[in-house]
Amino acid sequence: MSVLFETSLGDIVIDLEVDACPRTCENFLKLCKVYYYNLNAFFNVSKDFIAQAGDPTATGTGGESAASYMAPTAGVPESQRPPRYFMPELLPRLKHKAKGTVSMAIAPSPDGHSLGGCGSQFFITLADNIEYLDGKHAVFGHVLEGLDVLDKLSEVYVDSQGRPLKDVRIRHVIVLDDPFPDPEALIIPPASPTRPPDLDLDHVRIRDDEDPLEELDEDEAEKQRREKAAKASALTLEMVGDLPFANVRPPENVLFVCKLNSVTRDEDLELIFSRFGTIMSCQVIRDKKTGDSLQYAFIEFDKREEAEQAYFKMQNVLVDDRRIWVDFSQSVARIGGSWGEASLRAGQGLSGRGGGRGRGRGGGGSGFGGRNDLQAARRYRDSSPGARRGGDYDMVFDDAPASSSRHGGSSRNDSRRDDYRRDDRRRSRSPPSRDRDRDRRDDRNRDRDSHRDRDRDRDHPRHRDRDRPSR
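Residues numbered from 1 in each chain as written. Predicted model: local features only at pLDDT ≥ 70, side-chain atom pairs only at ≥ 80, totals over all residues. Heavy atoms only, no water.

Remarks on the environment of asparagine 247
Point 1. Mapped onto the fold, asparagine 247 is located in the loop between α4 (218-240) and β10 (254-258).
Point 2. Put simply, asparagine 247 and alanine 234 are 13 residues apart on the chain and 7.4 Å apart in space, counted from C-alpha to C-alpha. (Helix = DSSP H or I, 4+ residues; strand = E, 2+ residues; numbered from the N terminus.)

Below is the structure:
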């Protein structure tokens, strides 16, 4: 009776001592049938000594017998459950003489003076004549095929605890012959597990299907380097707040339009692109200081199909004597809040050529940026379609509600109105600034004329003495 182990280093065929060790072999075969050993790792490997496996936790403290594994636990008291371990057959004639001997690892008893029991852990000897293990562990099989795999297993690099640095796993187990009937509680899973049972534990190992010495070609290595750099940059931008989350994807319904004429306004682009569908937002990005167009814009459609149609139809189209370039936007600034400070200033009504304002109509539907789980960032001013779009904002006063007029609210408004009237009268009594400048200019001219007259009177006697003839 034999079992085939497909490991990451090769196949191993084990012949079981069914007649000599029926209890141990039945436990091993039933665990193999329920895929208990699939994707288990060899967690303890000693060169020319043993290779141990069968613990799903890969710590050496886990594992249980087939009876304990198949027994129901819900609603059953712990005292009535099958024991975790069973007592194996220890036969003096079955010894660890040859390489490839398969034995069940016997756990020590709690008192430490007698032998405990077996669960699911087993080991394979990697050398001949290991008499040290005789009488301590139960031999129940031998390796028939795959001794070369055992040589590879003996040469693997391990850490200080004996765990291989590169995982060696049992990828699949095939029971070639089972003479024991299946118990009623045995349920064979429909498929083999795909996730190693010890993957969530704190073990940093090289995967069994990974080659650390593999050299990629230059293009593939550059691609992986760029992907790692992009992930690191995205994580950094998320930490500083420039991205809402690192794995954010640009919206699929937003177009990026560049090579615009500086006189092209938001209204012009909205009118041109509106024939492809409903436009949620159309913004020409502008300089935050001067308000001049930076000659690129973002156009957000209601649906992705509308954006795709505009992308194919408007490529290299002439707009205001310029051939525009249309592409899908890779910016996620709108998801984080807005297209930037430039669009915010442009939306506040900057004057100049092409000084149109960004139009936003995102209040009509649910979601934002083509995603239902996002919401548009709100500002102090309402940006809904019904909001006023004038370029100038009126003064905002804290007007009291109508109900407050009965409780003295009108007196506060009257006193505020009287203050405004007093300020107007005070400003009306003061002379206009233009008259003050004219009076000041006249005073300067008058002073200059007086100085000129004094200088002329002082020089007149001197000239008269010089012109008098000498005697």
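Some words on unusual backbone geometry
Point 1. Residues other than glycine seldom take positive phi values, yet aspartate 48 does so here, at roughly 55°.
Point 2. Here aspartate 48 is to be found in the loop between β4 (44-45) and β5 (50-53).
Point 3. Located in the positive-phi region is aspartate 320, a residue other than glycine, with phi close to 55°.
Point 4. Its relative accessible area of 34% is what places aspartate 320 among the partly exposed residues. (Buried < 20%, exposed > 50% of the residue type's maximum accessible area, 1.4 Å probe, protein only.)

Regarding helix α5 (residues 266-273)
Point 1. For α5, the full list of buried residues reads Asp266, Leu269, Glu270 and Phe273. Down the axis of α5, the buried set is contained in an arc of 100°. They therefore lie on one face. (Arc of directions from axis to C-beta.)

Some remarks on helix α3 (residues 147-154)
Point 1. Within the span of α3, buried status applies to Val149, Leu150, Leu153 and Ser154. Taken end-on, α3 shows its buried residues confined to a sector of 140°, consistent with a single buried face.

Concerning a nonpolar patch on the surface
Point 1. A surface patch of nonpolar side chains, about 410 Å² in accessible area, is lined by Leu235, Leu237, Met239 and Val240.
Point 2. Its location among the elements puts methionine 239 in helix α4. (Patch = residues over 30% accessible without salt bridge, like charges linked within 9 Å, V, L, I, M, F, W, Y side chains within 5 Å. Areas by Shrake-Rupley, 256 points an atom, 1.4 Å probe, with all protein chains shown as cover. Salt bridge = Lys/Arg side-chain N within 4 Å of Asp/Glu carboxyl O.)

Notes on the pairing of strand β2 (residues 10-16)
Point 1. The buried fraction of β2 amounts to 5 of the 7 residues, a majority that puts the element mostly inside the structure.
Point 2. Bridging between strand β1 (residues 2-7) and β2 involves 6 bridges; their strand directions are antiparallel. Note that in β2 the partner of phenylalanine 5 across the bridge is isoleucine 12.
Point 3. Counting the residues in the hairpin turn of β1 and β2 gives 2 residues.
Point 4. Bridge count for β2 against strand β8 (residues 138-145) is 4 bridges, and the pairing is antiparallel. Bridge pairing links aspartate 15 to histidine 142 in β8. (Pairing = 2+ DSSP bridges.)

Quick look at the nonpolar core
Point 1. If you look at the biggest cluster of nonpolar residues, it comprises 43 residues, and the most contacted ones within it are Phe5, Leu16, Phe28, Phe122 and Phe140.
Point 2. Of all hydrophobic cores here, the second largest spans 18 residues; its members include Leu255, Phe273, Cys282 and Ala310. (Core = buried A, V, L, I, M, F, W, Y, C linked by side-chain atoms within 4.5 Å.)

What to know about the packing of aromatic side chains
Point 1. Evaluation of the coordinates by the stated rule reveals 15 aromatic pairs.
Point 2. Summarising the aromatic geometry, the rings of tyrosine 37 and phenylalanine 122 are spaced 5.3 Å apart at their centres and angled 85° between planes, so their arrangement reads as edge-to-face. Of this pair, tyrosine 37 sits in the loop between α1 (22-33) and β3 (40-41) while phenylalanine 122 sits in strand β7 (residues 115-125), and the two are 85 residues apart along the sequence. The exposure classification of tyrosine 37 matches that of phenylalanine 122, with both residues buried.
Point 3. These aromatic residues form a ring-pair network of at least three members: Phe5, Phe28, Tyr36, Tyr37, Tyr69, Phe122 and Phe140. (Phe/Tyr/Trp six-rings, centres within 6.5 Å; stacked < 30°, edge-to-face > 60°.)

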